[in-house]
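Working through the structure, step by step
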Amino acid sequence: MKNLILPEDYKSELDLHDTQLAIKTVKDFFQGMLAQRLNLTRVSAPLFVDKASGLNDNLNGYERPVAFDIKAEGDREIEVVHSLAKWKRFALKKYGFSHGEGIYTDMNAIRRDEDLDNIHSVFVDQWDWEKIISKEERNIDFLKETVRTVYKCLRKTEQFMAIQYDYIDMILPKDIYFITTSELAELFPDNTPKEREYYIAKAKGAVCIMQIGDKLENGEPHDGRAPDYDDWSLNADIVVYYPVTDIALELSSMGIRVDKDSLLSQLEKADCMERASLPFHKAIIDGELPLTIGGGIGQSRICMFFLRKAHIGEVQSSIWPEEMLKECEKAGIQIL
């Protein structure tokens, strides 16, 4: 509750019925354009995976996955996914995709340890996407090119929604601004990472923050990032300024994925070399999986952003503390 933002004189421009229609409009338009621009094919994806496979996203390392067993195999521990960051590389190989081709899927997850506020929910829904690249494409220029493509899809969606709904104005700038976490720390040395993101997002409108996960000069990382999917030197977050709640809003996280060298290096830095023996990690070390770039794009977050909603609960159904529901109702925020 301490992080809940209640904008003054807030009123949703759409009632609950029209909000549902608008959510579908946003999702249909954006995912169609993303698939076309990145050459992605939609595939089905798992809601849960075998814990022993090493396929689940460990996020920052302390979040507890929802785990259960099944009647058919009582001693086998199953985990609800946090994301599909690792599973997608296996899928690309298994389904026979080639260089330049990719997949995307509707990823639903449960993050039971999330701190709930305007943009964080126990229920996570995003488009997880992954694309096969060459060894020569594992560089910062290719990462930036891909970021620009995703950003153009976001901006085209805003233009489309502004045509559909009179109350929506264009607020995304034409170009996205690129900056590394170390450059950001030099720019705002006396601020926390989240404060730095807010100041740069407010100043630029839309920013791509690169190189997340490794330690900065002060010995602390800008933000937590699991060591076994993104290459920390080749990853990025798309963050925009959101005036409705006056925050920096992360819409997408992506990166060029680890190869053998970066995986082993990052596992050592994170003090979790034991993961190297898991099936997923061993397949990367043995060169059995394709080199890829991929990411996640928050479905509810972009709906919240494009529909100018104050709370993510206005565009998704989840579980919220009773106190939060009461405060939101008083503030004119209609939680689904």
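In short, a report on the structure. (Residues numbered from 1 in each chain as written. Predicted model: local features only at pLDDT ≥ 70, side-chain atom pairs only at ≥ 80, totals over all residues. Heavy atoms only, no water.)

Here we come to the pattern of salt bridges. For the structure shown, the criterion picks out 23 salt bridges. Salt-bridge contacts for Glu197 lead to Lys194; the nearest nitrogen and oxygen are separated by 3.7 Å. Within this pair, Glu197 and its partner Lys194 are both found in helix α5 (residues 193-204), separated by three residues, close to a single helical turn. When the shortest N-O distance is used, the salt bridge between Asp246 and Lys202 registers 3.7 Å. (Salt bridge = Lys/Arg side-chain N within 4 Å of Asp/Glu carboxyl O. Helix = DSSP H or I, 4+ residues; strand = E, 2+ residues; numbered from the N terminus.)

So, about the packing of aromatic side chains. This structure, assessed with the given rule, holds ten aromatic pairs. Here the aromatic rings of Tyr198 and Tyr241 are separated by 6.3 Å at their centres, their planes lie at 65 degrees, and the arrangement is edge-to-face. On the criterion of sequence distance, the pair formed by Tyr198 in helix α5 and Tyr241 in strand β9 (residues 230-242) is long-range, its members being 43 residues apart. On the basis of relative accessible area, Tyr241 is assigned to the buried category, the value being 17%. (Phe/Tyr/Trp six-rings, centres within 6.5 Å; stacked < 30°, edge-to-face > 60°. Buried < 20%, exposed > 50% of the residue type's maximum accessible area, 1.4 Å probe, protein only.)

Let us now look at the nonpolar core. Core analysis: the biggest nonpolar cluster contains 62 residues, and Trp129, Val147, Leu154 and Ile302 have the highest contact counts within it. With nine residues, helix α3 (residues 140-164) is the largest single contributor of residues to this core. Residues Trp87, Leu92, Ile103 and Val124 belong to the second largest nonpolar core, which totals 22 residues. (Core = buried A, V, L, I, M, F, W, Y, C linked by side-chain atoms within 4.5 Å.)

This paragraph deals with the pairing of strand β11 (residues 292-298). Looking along a regular strand, one sees the side chains alternate between the two faces of the sheet. Most of β11 is tucked away, with seven of its seven residues classed as buried. Here β11 shows no split at all, with Thr292, Gly294, Gly296 and Gly298 on one side and Ile293, Gly295 and Ile297 on the other all buried. Of the strand pairs in this sheet, strand β6 (residues 123-132) and β11 are connected by seven bridges, and their pairing is antiparallel. Bridging across to β11, Trp127 finds its partner in Ile297. (Pairing = 2+ DSSP bridges.)

The next point concerns the sheet that holds strand β4 (residues 73-80). If you trace the three strands from one edge of the open sheet to the other, you get β2-β4-β3, paired in antiparallel fashion. The open sheet is flanked by β2 (48-50) and β3 (67-70), the only strands paired with a single partner. Direction aside, the axes of adjacent strands within the sheet are offset by 40 degrees on average. In the sheet, β3 pairs with β4 via three bridges, with the strands oriented antiparallel. Of the residues in β4, the one forming a bridge with Ala67 is Glu79. (Axes fitted to C-alpha atoms, helices over the stretch in contact; angles between N-to-C directions.)

For the coordinates displayed, the defined rule picks out zero disulfides. There is no disulfide at Cys153, and the cysteine sulfur nearest it, in Cys208, is 15 Å away. (Disulfide = S-S within 2.5 Å.)

The description of two helices packed together rests on the angle between their axes and the distance between the axes. The N-to-C vectors of α3 and helix α8 (residues 299-306) enclose an angle of 45 degrees; their axes lie 10 Å apart at closest approach. By the angle class used here, α3 and α8 are oblique. The way α3 lies across α8 gives a crossing that is right-handed. On α8, the residues touching Leu154, Thr157, Glu158 and Met161 of α3 are Ile302, Phe305 and Phe306. A class-by-class count of the residues in the contact of α3 with α8 yields five nonpolar, one polar and one charged. (Parallel < 35°, antiparallel > 145°, perpendicular 65-115°, else oblique. Left-handed = near helix turned anticlockwise from the far one by under 90°. Contact = heavy atoms within 4.5 Å. Nonpolar A, V, L, I, M, F, W, Y, C, P; charged D, E, K, R; others polar.)

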